[in-house]
Amino acid sequence: MLYVAAAIIRQNNKILICQRASAGTLPLLWEFPGGKLEPGETMEECIRRECREELDIDLSVMGVFAKTRHFKGSKGIEITFFDSKIISGDLRKKVHHDLKWVQPEELDNYRFCPADEEVVRRLRQNCEERG
Ligand SMILES: Nc1nc2c([nH]c(=O)n2[C@H]2C[C@H](O)[C@@H](COP(=O)(O)OP(=O)(O)OP(=O)(O)O)O2)c(=O)[nH]1
């Protein structure tokens, strides 16, 4: 199982989404910022490290929004999505192809990694329920 932490970062009713690089795994698909857990760190440490490394921002982690598992053949990925806020830093695109702040109802316009589909659906539903 591959363990990944990802951040749901909200600001002014928008959510930060990131487009993966054109080279490498899942090219140009959209994702929530984050990455793979390294030995010896907690999931919270992982998400804060990845956001510092990839976006130059410091996060405050509020809680777990969702934990999902996705399988492709025998390979499994478990992603812990954290509700988070930016506490310092100016967002900078260091490794991604593109970054965007989008409203939940706009999420459908972007092609996300297959493992993110459930969370995208939940984010959309939450906004519909609030009307
Ligand atoms: N950060 C992030 N990764 C995701 C999401 N959905 C999803 O399937 N992934 C996958 C893509 C990667 O295989 C892995 C995260 O790895 P990473 O970001 O640290 O490293 P990477 O792009 O170099 O990944 P890889 O090429 O080694 O697979 O999780 C998501 O929403 N956010």
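Residues numbered from 1 in each chain as written. Predicted model: local features only at pLDDT ≥ 70, side-chain atom pairs only at ≥ 80, totals over all residues. Heavy atoms only, no water.

Next up on the list: the site of the ligand. Surrounding the ligand, one finds 15 residues, the nearest of these being Arg-20, Thr-25, Phe-32, Lys-36 and Asp-116. In this structure, Gly-34 approaches the ligand through a main-chain N or O atom, which is 3.2 Å from a nitrogen atom. At 2.7 Å from an oxygen atom of the ligand is found a side-chain nitrogen or oxygen belonging to Asp-116. Relative to its free-state accessible area of 590 Å², the ligand is covered by the protein chains to the extent of 78%. Counting residues per element, the ones that place at least two in the shell around the ligand are strand E4 (34-36) and strand E6 (75-88). (Near = heavy atom within 4 Å. Polar contact = N/O pair within 3.5 Å; in protein donor to acceptor, adjacent residues only side chain to side chain. Areas by Shrake-Rupley, 256 points an atom, 1.4 Å probe, with all protein chains shown as cover. Helix = DSSP H or I, 4+ residues; strand = E, 2+ residues; numbered from the N terminus.)

So, on to the packing of aromatic side chains. One pass over the structure, following the stated rule, counts three aromatic pairs. Geometrically, the ring pair formed by Phe-32 and Phe-81 is edge-to-face, given 6.0 Å between the ring centres and 85° between the ring planes. Of the two residues, Phe-32 is situated in the loop between strand E3 (30-31) and E4 and Phe-81 in strand E6; the sequence distance between them amounts to 49 residues. Neither Phe-32 nor Phe-81 differs from the other in exposure class; each is buried. Measuring from centroid to centroid gives 5.2 Å for Phe-32 and Phe-112, while their planes differ by 20°, and the two rings are stacked. Remark: Phe-112 occurs in the loop between strand E7 (98-102) and helix H2 (117-129) and Phe-32 occurs in the loop between E3 and E4; sequence separation between them is 80 residues. (Phe/Tyr/Trp six-rings, centres within 6.5 Å; stacked < 30°, edge-to-face > 60°. Buried < 20%, exposed > 50% of the residue type's maximum accessible area, 1.4 Å probe, protein only.)

Pairing between side chains of opposite charge can happen when the charged atoms of each approach one another. One pass over the structure, following the stated rule, counts 14 salt bridges. Arg-48 serves as the salt-bridge partner of Asp-58, at 3.4 Å between the closest nitrogen and oxygen. Here the residue Asp-58 occupies a position in strand E5 (residues 58-72), and Arg-48 occupies one in helix H1 (residues 43-55), the gap between them amounting to 10 residues. You can call Asp-58 partly exposed: its relative accessible area is 24%. Arg-48 gets classed as partly exposed once you look at its relative accessible area, which sits at 30%. Close ionic contact of Arg-69 with Glu-78 constitutes a salt bridge, the shortest N to O distance being 2.7 Å. On the basis of relative accessible area, Glu-78 is assigned to the buried category, the value being 9%. Here the residues in one salt-bridge network are Glu-38, Glu-41, Arg-49, Glu-50 and Glu-53, joined through shared partners. (Salt bridge = Lys/Arg side-chain N within 4 Å of Asp/Glu carboxyl O.)

Residues Asp-58 and Ile-47 lie 11 residues apart in sequence; the distance between their C-alpha atoms is 9.8 Å. Beyond its immediate chain neighbours, meaning those up to four positions away, Asp-58 contacts Arg-48, Arg-52, Lys-85, Ile-86, Ile-87 and Ser-88. Only 3.4 Å separates the side chain of Asp-58 from the side chain of Arg-48, close enough to count as a polar contact. (Contact = heavy atoms within 4.5 Å.)

Relative to the helices and strands, Glu-50 resides in helix H1. What makes Glu-50 buried here is its relative accessible area of 8%. Not counting residues up to four positions away in its chain, the partners in contact with Glu-50 are Gly-34, Gly-35, Lys-36 and Leu-55.

Confidence along the protein averages 96 in pLDDT terms, with 99% of residues attaining 70 or more. Across the predicted assembly, pTM comes out at 0.96 and ipTM at 0.94. (pLDDT = per-residue confidence, 0-100.)

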